[in-house]
Amino acid sequence: MKFFVDTADIADIKELADTGLLDGVTTNPSLIAKSGRDFIDVTREICGLVDGPVSAEVVALDHDTMMKEAETLRKIADNVCIKVPLTIDGLKTCKKLTSEGTMVNVTLCFSANQALLAAKAGATFVSPFVGRHDDNGFDGMELIADIFQIYSNYGFDTEILVASIRNPVHVLQSALIGADVATMPPSVIKGLFKHVLTEKGIEGFLADWEKTGQSIPTS
Ligand code: G3P
C-alpha cells in the first residue's frame, strides 16, 4: 500500500519524506488556503521533495477552463497529478489528460458508480472520501470494498486512493480490503508508528541496558 500525505505544509512533507516511507502528496484548495502560500510556488516546492505523484486540483467547473488550468499545473513538474472533481466536465478532462499521458486523480467520489465512471474515464487514481462518508451516516469502508470488488471484476488499472482518512482504523481497514493508496493527514501517518507497548518496551530495555554500564561504539 502506498502512503501519501494530505497536506501542503512543507515542514510536515519534509519530515515524512525523510522517513523514506512517503510515496506521494495530495493537496486540495482548502489545504492550499491553509498553507497561506502561492499555489504554483508551493506545488513546485512539494514536487521537489517527493519523487511520487503530487496532486494539484483544478478549480474551474467547465471542461475548457479545466484543461487550461491543467495545462499550467502540469508544466510545474513531471510528478504533478491533476486532480479533477467527479463531474461530467471533470471526467471529460480526465479522459483527455490521461490519453495525453498526464496522471489524473478524480476526487470527491462518494459512490461506487462514480468510481466506475472514473475508471472508465481512465483515471490514474480515484479518491473516495471515507471520513466525510462516515460523517454523513454512510459506511466509508463499505464504499472502498465495493469499489475494490468492481475494479477487480473488470481489471481496471485505476488505483483506489482512500481519502478523507481520519484515524489509523481507516488505514487498517483500507489495507485489509486491498486499497492501493491511503492519503492521510500528517498526524495520522505519525500515529501509525505509535504503540504503548513499543514505548514501554524501549523504556524497559534502556533501563536494563544502563545497569550493564556498557555502550555500543559508534565510530
Ligand atoms: O484531500 C481530500 C481529502 O483527503 C480531504 O479530507 O478530512 O477534509 O474530509 P477531509
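Quantities reported herein were computed from a predicted structural model and do not represent experimental measurements.

(A) Spatial organisation of the pairing of strand 6 (residues 125-128). Of the two faces of strand 6, both are covered, the one formed by Phe125 and Ser127 as well as the one formed by Val126 and Pro128. Inspection of the sheet shows strand 5 (residues 104-109) paired to strand 6 by three bridges, in the parallel sense. Along strand 6, the bridge assignment pairs Val106 with Val126. Read from strand 5 through helix 6 (residues 112-120) to strand 6, the crossover connection turns out right-handed.

(B) Quick look at unusual backbone geometry. Its identity as a non-glycine residue notwithstanding, Leu108 has a phi of 60°, on the positive side. Here Leu108 shows up in strand 5. Assessed through its relative accessible area of 33%, Leu108 is described here as partly exposed. For Ser164, which is not glycine, the phi dihedral falls at a positive 60°. Here Ser164 falls in the buried class, since its relative accessible area comes to 10%.

(C) Spatial organisation of the site of the ligand. Taken together, Asp6, Asn28, Lys83, Phe129, Arg132, Ala163, Ser164 and Arg166 make up all the residues around the ligand. Within the side chain of Arg166, an N or O atom sits 3.0 Å from an oxygen atom of the ligand. Burial of the ligand by the surrounding chains reaches 81%, relative to a free accessible area of 310 Å². Of the residues in the shell around the ligand, the class split is two nonpolar, two polar and four charged.

What counts as what
- Residues numbered from 1 in each chain as written.
- Predicted model: local features only at pLDDT ≥ 70, side-chain atom pairs only at ≥ 80, totals over all residues.
- Heavy atoms only, no water.
- Buried < 20%, exposed > 50% of the residue type's maximum accessible area, 1.4 Å probe, protein only.
- Helix = DSSP H or I, 4+ residues; strand = E, 2+ residues; numbered from the N terminus.
- Pairing = 2+ DSSP bridges.
- Right-handed = clockwise from strand over helix to strand, strands pointing away.
- Near = heavy atom within 4 Å.
- Polar contact = N/O pair within 3.5 Å; in protein donor to acceptor, adjacent residues only side chain to side chain.
- Areas by Shrake-Rupley, 256 points an atom, 1.4 Å probe, with all protein chains shown as cover.
- Nonpolar A, V, L, I, M, F, W, Y, C, P; charged D, E, K, R; others polar.

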